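# Remarks on the overall topology
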Amino acid sequence: MSALINAFNEQFLLEIIKQPDSTQAAEIIKQADQVRTQTLGATVQLRGLIEFSSYCRNNCAYCGLRRENRSLPRYRLTPIEIIETAAHGIALGYRTIVLQSGEDLFFTGKMLTEIVKEIKKLGAVVTLSVGEREVKDYEAWRKAGAERYLMRHETADPVLYQKLHPGQTLSKRLSLLQALKQLDYQVGTGFMVGLPGQTPATLLADLQLTKNLAAEMVGIGPFIPHLATPLKEYPAGTTSLTCLMIALTRLALPYALIPATTALASINSQGRELGLAAGANVVMPNLTPWKYRADYQLYPDKAISGAEDGETRQKMIEKITALGREVSDTSGHHPLWLTDSRDDGENNI
Ligand code: 5AD
Ligand code: SF4
């Protein structure tokens, strides 16, 4: 465990979070980069992301996919399209396929089980990110071979959580994250930076919650206002505070898989590089078929590369190499998850 949360008191952390542009914050970012080098080396994990359905039953106040946004054309890939897209990604060299969607019950537990099985046959690691579902579904998908599950807690303030997520509660979200842990998934949580109503104390609580959960993966991105949401008038989160929260998370969880998020790349053309220099070690290029890509609109101006997927991958590898880092050719599991219950290191599920 890192020195940080132990050795520095909460007041110190709050002061840093209040001053993301200070020299102290820059020092924390440097430390986080060093810790990442010590624990995980120079490697960056690439994950191929498939956004397979933009239908969502939820109404999150910040998100362009919220059910009340009727101006958004919705799409669903067919199971065959999903599997073909995954095969395409694997052929390009991706070793992890991330299946992400809104909470779309059209895809039943059984359908997703079959899709996971097919992608496992292709030899990839499967990460699911389909929101709050029944624990028995999580269990079936794990049995089918899915190794990772991403579901951000979004904000650790239960009152703010309820305001932002009508009809949902933070306690339900946390109990599902615990259930996923118990099912032996590598579990990803995370939060947005700069949400309306968020304070430095909220961000400290986000950090503590993430640490207490011992999350294997942590996605942190700036809030970006979407015009078709009730939060359209609020300012976006900043690059500096987002990078600082990435860095503090790295210090709190030295082995975590932390992406340099697309949201960060969307508010800053150097966002990916800055995230990678602040403790991040994962990038998730988008493999969603072109005809749908612009419609997965969590937030506006999402960084969408104009290039063909192979070229995007190649450019990403070049960018990463230029930073003195290297693209991993392993499955990219969390190192402690591997040693916890397995002996041979890879792919033995
Ligand atoms: N700005 C930034 N991030 C957003 N997400 C959803 N809407 C927005 C927005 N407007 C994030 C949420 C969700 C993830 C998939 O995208 O944190 O968990
Ligand atoms: Fe749906 Fe996720 Fe958007 Fe919420 S954040 S509306 S659950 S897609």
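Notes on the structure follow. Only a predicted model underlies this, so the values are computations on that prediction, with no experimental measurement involved.

What follows covers the packing of aromatic side chains. Counted according to the given criterion, the structure contains 6 aromatic pairs. Taking 4.8 Å as the distance between ring centres and 85° as the angle between the ring planes, the aromatic pair formed by F52 and F107 counts as edge-to-face. Here F52 is found in strand 2 (residues 48-53), whereas its partner F107 is found in the loop between strand 3 (96-101) and helix 5 (109-121), with 55 residues between them in sequence. The two residues F52 and F107 agree in class, both being buried. Here the aromatic rings of Y149 and Y185 are separated by 5.8 Å at their centres, their planes lie at 75°, and the arrangement is edge-to-face. Remark: Y185 occurs in the loop between helix 8 (170-182) and strand 6 (186-193) and Y149 occurs in strand 5 (residues 148-150); sequence separation between them is 36 residues. We note that Y149, like Y185, is buried. The ring of Y55 has R76 sitting right over it, with the charged end atom 3.9 Å from the ring centre. Over the face of the ring belonging to Y185 we find R142, whose NZ or CZ atom lies 5.8 Å from the ring centre.

Attention now goes to the site of ligand 2. Around ligand 2 lies a shell formed by C56, N58, C60, Y62, C63, L65, R66 and G102. Residues that form the shell around ligand 2 fall into these classes: 5 nonpolar, 2 polar and 1 charged.

Quick look at the side chain of T210 now. Summarising the element assignment, T210 is placed in helix 9 (residues 200-213). Since its relative accessible area comes to 1%, T210 is described here as buried. Side-chain polar atoms of T210 contact the backbone oxygen of D206, separated by 2.6 Å. For T210, the contacting residues outside a window of four places in its chain are H153, T189, F191, A215, V218, T249 and L253.

In this fold, T239 is placed in helix 10 (residues 239-252). A polar atom in the side chain of T239 sits 3.2 Å from the side chain of N268. For T239, the contacting residues outside a window of four places in its chain are L264, I267, N268 and L274.

Next up on the list: helix 8. Its 13 residues place the ends of helix 8 18 Å apart at the C-alpha level, agreeing with the 18 Å of an ideal helix rising 1.5 Å per residue. Those residues of helix 8 not exposed but buried are L170, R173, L176, L177, A179 and L180. Elements in contact with the buried residues of helix 8: helix 6 (135-144), strand 5, helix 7 (158-164), strand 6 and helix 9.

This part covers the pattern of salt bridges. Opposite charge on two side chains makes pairing possible when the charged atoms of those side chains draw close. One pass over the structure, following the stated rule, counts 19 salt bridges. Residue E139 is joined to K143 by a salt bridge in which the shortest nitrogen-to-oxygen separation is 3.8 Å. Of this pair, E139 and K143 both sit in helix 6, 4 residues apart, which is roughly one turn of the helix. For E139, a relative accessible area of 36% translates into the label partly exposed. Measuring nitrogen to oxygen at the nearest pair gives 3.1 Å for the salt bridge that ties E216 to K181. Taken as a pair, E216 in the loop between helix 9 and strand 7 (217-222) and K181 in helix 8 lie far apart in primary sequence, 35 residues in all. Where salt bridges share partners, they join E132, K172 and R173 into one cluster.

Moving on to the nonpolar core. Core analysis: the biggest nonpolar cluster contains 84 residues, and Y185 and M245 have the highest contact counts within it. The contact partners of Y185, leaving out residues within four places of it in the chain, are L128, Y138, W141, R142, A146, E147, R148, Y149, L180, E216 and W337. L150, M217, L257 and V282 belong to the second largest nonpolar core, which has 7 residues in total.

Basis of the calculations
Residues numbered from 1 in each chain as written. Chains lettered and ligands numbered in written order. Predicted model: local features only at pLDDT ≥ 70, side-chain atom pairs only at ≥ 80, totals over all residues. Heavy atoms only, no water. Phe/Tyr/Trp six-rings, centres within 6.5 Å; stacked < 30°, edge-to-face > 60°. Helix = DSSP H or I, 4+ residues; strand = E, 2+ residues; numbered from the N terminus. Buried < 20%, exposed > 50% of the residue type's maximum accessible area, 1.4 Å probe, protein only. Lys NZ or Arg CZ within 6 Å of the ring centre and 35° of its normal. Near = heavy atom within 4 Å. Nonpolar A, V, L, I, M, F, W, Y, C, P; charged D, E, K, R; others polar. Polar contact = N/O pair within 3.5 Å; in protein donor to acceptor, adjacent residues only side chain to side chain. Contact = heavy atoms within 4.5 Å. Expected span 1.5 Å × (residues − 1). Salt bridge = Lys/Arg side-chain N within 4 Å of Asp/Glu carboxyl O. Core = buried A, V, L, I, M, F, W, Y, C linked by side-chain atoms within 4.5 Å.

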